[in-house]
Each structure stands twice: as structure tokens, then as C-alpha cells.
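A structural walkthrough
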Amino acid sequence: MFKNLSQHFGQDGLAPTDKAHRSLGLGGTIALWLGANVVVTTILTGMLLVPDLKFTQAMLIVLIGSGIGILPLVLVGLMGQRSGLTTMVLARGSYGVHGAKLPSLVNLLTLLAWSWIQALLAGMSLNYAVEHLTGYSNLPLFTILCEALVLLIALRGHLGIERVERWAAIGMLLLAGAVFYVMGQKFEFDSLLAMPTEPRNEITPGIAFDIVIATAFSWIPLAADYNRNCRSQRVAGIGTWVGYVAATLLAMGLGATVSGFSVLSGMEQTYDPAVLLAGFGFGLPAAIVVFLSVMTTNVMCVYSASLSYLNISPKTPFWKPALAIGVLSILGSQIPGILDNFQNFLLVIGSVFIPAFAVLIADYFLIHKGDYAVDELLSEDGGRYRYLNGFNPAAFIAYGLGAALAYYWGWVSPLAWGASLPVFLITAASYAVLRRWVLVPRAQLA
């Protein structure tokens, strides 16, 4: 019975997508990345910035940080569009056919953690809405229901996700606009702009810039998974940049605005924007915004986590890891205090992924001049990407250097404007030097 049912699931896998059947145009790509990042976790990031920083300073950092931070994601997305391959299969080109299993595992675990956080936040929003309407409250139940819906959508594959994202993006834009309008009616934005700084979260301009960059980098592992379905490189590049930057400005702007007005009103900051906006008489629409945003983003996390597993175990049918990851997400969302270290989680993501994808981008664009042999990437022995017993030592040495610098400059001796960009550039440069002149593999590309 279940075998018959599984025929209706998505048949997504590691094989390259056929260019004749790619489903994402410019509007769909913008909607995909807009829906992905108008999410409560991005709203929460904006809430961290104010009142530690002035509102205008925070928004300028968000604009610059997201505009720069999205560029590596755009490059990885272009890699996916050109090759038709997922992000973690592309990692075989730089890390080796076996070496790529390590970033796949790290990505799988990270996306699981994201899914736990987002499942809980979706449950909080749905619980608030139901309690507001009926008086009934049951956070664990609504968290489970939210994640079950996420799992059903993810099981349909990328086509199901794209359809959901389009409508959800429109709904979120309308509701977010309504939230801003009502806040503008109840409060003076001039008071928000003139609001003095107050250290609450120990956020400096450098840390804020690093967090914004880290938020962008946290999406890199998903870039090729979705952009491999874009119809052209132009669609992939422009659609991703516009959708992500607009979403970040909207979501972090909403978070910073809510945080500022809550402080001005003498309210306590909370992880749930719906609760804050309830104090302004607009909690229910805010809860719907949060619910829609978290659901759309969480679907993408479950889907890409499943593809990461497939890179480790390629012969597994897509639905099996998707089902297992969905169940694990439900269980993880019940962990007490999971939201308490949200800020540190963002910084850890930056430390893990920034050097990892600096290597991947440098290998593809600098070493291989934007061209991988797709058939050999997908072969069991890795072909010319086999390197040393399936591992590329240059990649792991450069990654280790970058991770050490990210830790030192991020936690031990923070740089004034953050570690993200210096770590990315140094890691990419060190890999190019090692790969070209020091640890040159025997199997060279023609």
C-alpha cells in the first residue's frame, strides 16, 4: 500500500535536471527566494539589531550585508543552473567523491537544527492564532501538525515547493504590508528613527554585519538544489539576488521595527513577533505571516536535507530520507530551550559554511573555469574528481585554515566589521594557491 502511495511523491534525485523541463522563470525564482527568507528567523535577526543600533544604521547594515552576502549564493546557484546538479553533488568537484560526504553530513545536521527551530516557531504562531480565535492552546500539538504539513509538501518534491512558494510569497507581502501600515497608524516612525541606542544583546555594527552575512551564507547549501531548475543563468542570478535582498530588508526591517516600538512602549522583547504585535492589537495577522513564512522555509530545509542524504547514500529513494527527516524535525522541535541560543547558532553557521563554500566556489570558477564533467561527478569512482582516495587534500587544508580564522576572528578576537568576508576571501585564495601550485592532483581536467 505504501509503495503505491509513494508513486505520488516527488521523484527528485541527484541526476541533472533536463534543460527542456526546467520550471522556474524569473517571477518564480524571485518568489522562491522571497518566500524563503521572509521568515520568522530572519525577523528575529532584525529584532536583535534594535535598540543596540540605531534603526537607520541597522537597515543600512542589512542592505549592504545582504547585497554582498548573497553573491556567493548567486554563484553556487549559477553552478547548479549550468550543470543541473544539487549543491552537494557539486561539492564532489572540490572535496572529492568521498570527501563531499563530510559537508553533506554537516549540511544535513544544520538543516535539521533549522527545521527544529522553525517547526517550533510555526507551532507558536498557529497556537497563538487558534487560541486567539477559540481559547484553545496546545503548543506541542500544533508544532507537530505544522511539521506534518511541511513533510507532506516536501514529499511532493521541487514542483510542489515552487507552487506553494509563489502563493505564500504573495500572501506574506500583503500581510507584512498590512502590519507595517497598522504600526504606522499607532506609532510615530519619527520616534523610532530618533530612538537612542541601548545595549541589550551586545550587538556592535561589526557583529550585526557578520550576522547578516551569516544569514545569507546559511542559504548557500540550498542554492543549487533549487536554481538547477531555473530556465537560464539570467533568471538564476537576477531572480535570486532580487528575491533574497528584498526579503531580507522586509523581514529584518519588520523585526527591527517591532523591537524598537516594543522597547518604546515598555514591553519585553520576545521570540514571537505575534505576541509583540498583539500588544498593538494586530497579533492575529502577524501570527499568519509568521506561520506562512516558517512553513515555506521549513519545507525547503527538509527537501535539501533529503538531497544531502542522497549524496551520502545515492541509491536511496527520495521519499525515505524526507520522511525520516520530517519525523526527526518533529522530535527535535520538542527540545526545551531550543531558541535560547539562536544568535550563537547564526554565528556558528557562518563559521562552518563560509570557508566550506569559499573552497567550492574557488574550485569551480578559478580552477575549473566554470566547467565540471557532470557524468564523472556522478560516477561511483569520481573519475577525474577522485583525487587522493576520494579526498582532495587542498580543499580540506584550506577549509581548516578558514574555519580556524572564522573561530578566532568571530569568537576570540572579533574584527571590527566581522570575520565573514575576510574568511571567505582568504579561504578562496589559499585554496587556489594550494590547488594550483602545491597539492596538484594527478588527475587534471583537460
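Scoring rules and cut-offs
- Residues numbered from 1 in each chain as written.
- Predicted model: local features only at pLDDT ≥ 70, side-chain atom pairs only at ≥ 80, totals over all residues.
- Heavy atoms only, no water.
- Helix = DSSP H or I, 4+ residues; strand = E, 2+ residues; numbered from the N terminus.
- Buried < 20%, exposed > 50% of the residue type's maximum accessible area, 1.4 Å probe, protein only.
- Contact = heavy atoms within 4.5 Å.
- Areas by Shrake-Rupley, 256 points an atom, 1.4 Å probe, with all protein chains shown as cover.
- Patch = residues over 30% accessible without salt bridge, like charges linked within 9 Å, V, L, I, M, F, W, Y side chains within 5 Å.
- Salt bridge = Lys/Arg side-chain N within 4 Å of Asp/Glu carboxyl O.
- Lys, Arg positive; Asp, Glu negative; His and termini not counted.
- Charge placed at Lys NZ, Arg CZ, Asp CG, Glu CD.
- Core = buried A, V, L, I, M, F, W, Y, C linked by side-chain atoms within 4.5 Å.
- Polar contact = N/O pair within 3.5 Å; in protein donor to acceptor, adjacent residues only side chain to side chain.
- Axes fitted to C-alpha atoms, helices over the stretch in contact; angles between N-to-C directions.
- Parallel < 35°, antiparallel > 145°, perpendicular 65-115°, else oblique.
- Left-handed = near helix turned anticlockwise from the far one by under 90°.
- Nonpolar A, V, L, I, M, F, W, Y, C, P; charged D, E, K, R; others polar.
- Expected span 1.5 Å × (residues − 1).
- Phe/Tyr/Trp six-rings, centres within 6.5 Å; stacked < 30°, edge-to-face > 60°.

Quick word on the overall build of the chain
Counting secondary structure elements, the chain contains 19 helices and 0 strands. The buried share among the 446 residues of the chain stands at 58%. Restricting to contacts in the chain with at least 6 residues of sequence separation, those with at least 24 account for 86%. Surface summary for the chain: the accessible area is close to 17,500 Å², and the carbon and sulfur share equals 67%.

With respect to a positive patch on the surface
Taken together, the side chains of Arg 156, Arg 163, Arg 166 and Arg 231 make up a positively charged region of the molecular surface. Relative to the assigned elements, Arg 166 resides in helix 8 (residues 158-186). The class of Arg 166 is partly exposed, set by a relative accessible area of 30%.

So, the nonpolar core
The biggest cluster of nonpolar side chains holds 120 residues, and the ones touching the most others in it are Val 76, Ile 161, Trp 219, Met 300, Phe 357 and Tyr 431. Ranked by residue count, the leading element in this core is helix 14 (residues 283-312), at 12 residues. Trp 219 has contacts with Trp 33, Ala 36, Asn 37, Leu 73, Tyr 244, Thr 297 and Met 300, leaving out every residue within four places of it along the chain. Within the second largest apolar cluster, 9 residues are counted, among which are Ala 31, Leu 34, Ala 168 and Ala 176.

Brief notes about the side chain of Thr 29
The residue Thr 29 is located in helix 2 (residues 26-37) in this model. Owing to a relative accessible area of 0%, Thr 29 belongs among the buried residues under this scheme. At 2.8 Å, the side chain of Thr 29 forms a polar contact with the backbone oxygen of Gly 25. If sequence neighbours within four positions are ignored, Thr 29 has contacts with Leu 24, Asn 227, Cys 230, Val 235, Ala 236, Gly 239 and Thr 240.

Structural notes on the environment of Gly 93
Here Gly 93 lies in helix 5 (residues 87-95). Gly 93 sits 270 residues away from Asp 363 along the chain, and the two C-alpha atoms are 7.6 Å apart. With sequence-adjacent residues up to four places away left out, Gly 93 is seen in contact with Asp 363, His 368, Tyr 372, Leu 377, Tyr 385 and Tyr 387.

Digging into the pattern of salt bridges
This structure, assessed with the given rule, holds 1 salt bridge. For Arg 384, the salt bridge is made with Glu 376, and the minimal N-O distance between the two is 2.6 Å.

Side note on helix 11 (residues 220-227)
Of all 8 residues making up helix 11, 8 are buried, and the element is well covered by its neighbours. Buried within helix 11 we find Ile 220, Pro 221, Leu 222, Ala 223, Ala 224, Asp 225, Tyr 226 and Asn 227.

Examining the packing of helix 7 (residues 139-154) against helix 15 (residues 319-332)
Running from amino to carboxyl end, helix 7 crosses helix 15 at an angle of 165°, the nearest separation of the two axes being 9 Å. Taken together, helix 7 and helix 15 sit at an angle that is classed as roughly antiparallel. By crossing handedness, the relation of helix 7 to helix 15 is classed as right-handed. Every residue of helix 15 that contacts helix 7 at Ile 144, Glu 147, Ala 148 and Leu 151 is listed here: Ala 322, Leu 323, Gly 326, Ser 329 and Ile 330. For the contact of helix 7 with helix 15, a count of residues per class yields 6 nonpolar, 2 polar and 1 charged.

Some points on helix 19 (residues 420-438)
Over its 19 residues, helix 19 extends 26 Å from the first C-alpha to the last, a length consistent with the 27 Å expected when each residue adds 1.5 Å. Residues Ser 420, Val 423, Phe 424, Thr 427, Ala 428, Ser 430, Tyr 431, Ala 432, Leu 434 and Arg 435 constitute the buried set of helix 19.

Considering the packing of aromatic side chains
Counted according to the given criterion, the structure contains 11 aromatic pairs. With 5.8 Å between their ring centres and 65° between their planes, Phe 217 and Phe 424 make a pair best called edge-to-face. Pair noted here: Phe 217 is in helix 10 (residues 205-217) and Phe 424 is in helix 19, with a separation of 207 residues, a long-range link. Across this residue pair, the class does not change: Phe 217 and Phe 424 are buried.

Considerations on a nonpolar patch on the surface
Nonpolar side chains collect at one region of the surface, where Leu 60, Leu 63, Ile 64, Ile 68, Leu 71, Ile 238, Trp 241, Val 242 and Leu 249 lie side by side and expose about 700 Å² of accessible area between them. Put simply, the parts of the chain that give the nonpolar patch at least two residues each are helix 4 (55-83) and helix 12 (233-264). Top contributing element to the nonpolar patch by residue count: helix 4, with 5 residues. Position of Leu 71 relative to the elements: it lies in helix 4. Accessibility expressed as a relative area gives 43% for Leu 71, which makes it partly exposed.

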